[in-house]
Amino acid sequence: MAVPSPGYSVTLRVETPVSITATTELAAAVGRAGGSITALDVAESGHDTMVVDVSCNTTDADHGQVVRDALNDLEGVTVRNISDRTFLMHLGGKLEVVPKVALRNRDDLSRAYTPGVARVCMAIAENPEDARNLTIKRNTIAVVTDGSAVLGLGNIGPAAALPVMEGKAALFKQFANVDAWPVCLDTQDTEEIIMIVKALAPVYGGVNLEDIAAPRCFEIEARLREELDIPVFHDDQHGTAIVTLAALTNALLVVGKQIDQVRIVVSGVGAAGNAIIQLLAARGAKNIIAAGRNGAISAADVSSDPHRQWLAENTNPEQFTGTLKEAVVGADVFIGVSAPNVLDEADIAAMNKDAIVFAMANPDPEVDPIAAGRHAAVVATGRSDFPNQINNVLAFPGFFRGLLDARVADITDEMLLAAADAISARVSQDELNPGFIIPSVFDPHVAADVAQAVATAAAKNK
């Protein structure tokens, strides 16, 4: 399922003889090598030669060298260098701190810093709640990770997780004007993580837990919610669940089925899988089969893990026992938050008529989306290069915007359901079709709609 992706975009600086067809020949060579041209820019033009920057998407890191060789094989052409555009974007990091107030003279300095700032400090000391009005706390989120479950990369540690957390912080700002900062902790001890986040909490208006492995993430979230007076949200759980429910709501409309009447198979019982299943159940789904590495979970599976035990007691009403492949036979919906290539085309063909397939493992889905599309009525992935991207960016910026605006600490199912409804409603009935069940992450209204829905739900619980 290798297709060119912006995640593997390269720019090649190419020296070529001057001719009317020079750029056409360069583009054709890239195409023959399997690359996807995104830009051709003439950087230099001389009497006999010209220098062209050729930008293209490739399928992986090695594919860039294949494209380079294809260009070098052209007569008179030399590739001077090749640049990885993803690495260039990350040079020096993706965040900076910019003051919100002008510091032009000594008067400004006297108010922003000493001596004037001392008056503000004392006001907060006398009334700590004033910190939400007089400091960055009112609009700042800590993006906390221990680097134990980063994307599909696994336990790569806090330093390697930092680019992801920077990206998360940038998305908060871009889509909901929430200031966020990466907090990458060099420990994977549950008690230490809880202690550190509690110690840092005075600075922040909320905590977004990110890429912390299950089952540790469950206890960390539960304890911090109990012990802090600011909202704590594990995006891998609840953000994924919100967007999945939003997409499924619209997919079911496309195929004319009801959530309480369909059989849903979920592959993956970690943080995302647990949260998805619980939110689907809260919305009214009655027939969900949760499948882990060893197959379907049933009431016979007794576990010391309370989250897995909840699945055993509250899913699989028919007490099906068998493999994932056996479970999807006749199923209406498949939701994958597990591992690449656990299903094949024949498995999708064995599903019920007008099946829905959400294969969300990244970067490689549980089943080839193109193959799945030959049999399923609706197919969605977590990737940006296929239709129907189920992306947490649709949820977490607006969700935190709503929490901060409402100044609430508790997160309820009603808020999660309201957020999902706000996202699904951004696709009108006239627009809804098998290739468009979920709005674009660039829809400027999504974050505001989610924020309003969350704030309204919060007000009902006050």
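Conventions used here
- Residues numbered from 1 in each chain as written.
- Predicted model: local features only at pLDDT ≥ 70, side-chain atom pairs only at ≥ 80, totals over all residues.
- Heavy atoms only, no water.
- Helix = DSSP H or I, 4+ residues; strand = E, 2+ residues; numbered from the N terminus.
- Polar contact = N/O pair within 3.5 Å; in protein donor to acceptor, adjacent residues only side chain to side chain.
- Contact = heavy atoms within 4.5 Å.
- Pairing = 2+ DSSP bridges.
- Axes fitted to C-alpha atoms, helices over the stretch in contact; angles between N-to-C directions.
- Salt bridge = Lys/Arg side-chain N within 4 Å of Asp/Glu carboxyl O.
- Buried < 20%, exposed > 50% of the residue type's maximum accessible area, 1.4 Å probe, protein only.
- Phe/Tyr/Trp six-rings, centres within 6.5 Å; stacked < 30°, edge-to-face > 60°.

S.K.: I tried to follow the side chain of Thr315 on my own but got confused; where do I start?
M.R.: Note on placement: Thr315 falls in the loop between α12 (306-314) and α13 (324-327). Within polar-contact distance, the side chain of Thr315 engages the backbone oxygen of Leu311 at 2.5 Å. In contact with Thr315, not counting residues within four places along its chain, are Ile277, Ile288, Ala290, Ile297 and Trp310.

S.K.: Mind showing me how you'd approach the environment of Ala350 here?
M.R.: Mapped onto the elements of the fold, Ala350 is located in the loop between α14 (345-349) and β13 (356-359). Sequence separation of Ala350 and Gly330 is 20 residues, and the distance between their C-alpha atoms is 6.2 Å.

S.K.: Could you clarify how one ought to interpret the sheet that holds strand β14 (residues 378-381) in this entry?
M.R.: Note: strands within a sheet are paired through backbone hydrogen bonds, in either parallel or antiparallel orientation. Here 6 strands make up an open sheet; going across it, the order is β11-β10-β9-β12-β13-β14 and the pairing mixed. Each end of this open sheet is capped by a strand with a single partner; those strands are β11 (295-296) and β14. Relative to strand β10 (residues 287-292), strand β9 (residues 263-267) runs parallel, the two sharing 5 bridges. The partner of Arg263 across the bridge, within β10, is Asn287. Running at roughly 155° to β13, helix α10 (residues 235-255) makes contact with β9, β12 (333-336), β13 and β14 of the sheet.

S.K.: Is there a simple way to explain the pattern of salt bridges in this structure?
M.R.: Side chains that differ in charge, positive against negative, can pair when their charged atoms come close. Taken as a whole and assessed by the stated rule, the structure comprises 24 salt bridges. In this structure, the salt-bridge partner of Asp179 is Lys173, at a minimum N-O distance of 2.8 Å. Note on Asp179: relative accessible area 28%, which makes it partly exposed. Arg223 is the salt-bridge partner of Glu191, the closest N and O atoms lying 2.9 Å from each other. Residue Glu191 is found in helix α8 (residues 190-200), and its partner Arg223 is found in helix α9 (residues 216-227); the two are separated by 32 residues along the sequence.

S.K.: Just to check I follow, could you spell out the packing of aromatic side chains for this structure?
M.R.: Given two aromatic rings, one states the distance between the centres and the angle between the planes to describe the pair. Summed over the entire model, instances satisfying the criterion amount to 5 aromatic pairs. When the ring of Phe172 is compared with that of Phe396, the centres are 4.8 Å apart and the planes differ by 65°; the resulting orientation is edge-to-face. Highlighted residues: Phe172 in helix α7 (residues 158-176) and Phe396 in helix α16 (residues 396-406), separated in sequence by 224 residues. A relative accessible area of 0% places Phe172 in the buried class. Accessibility expressed as a relative area gives 1% for Phe396, which makes it buried. For the pair Phe172 and Phe400, a centre-to-centre distance of 5.6 Å together with 70° between the ring planes defines the contact as edge-to-face.

Function-wise, these values are silent; they only describe arrangement.
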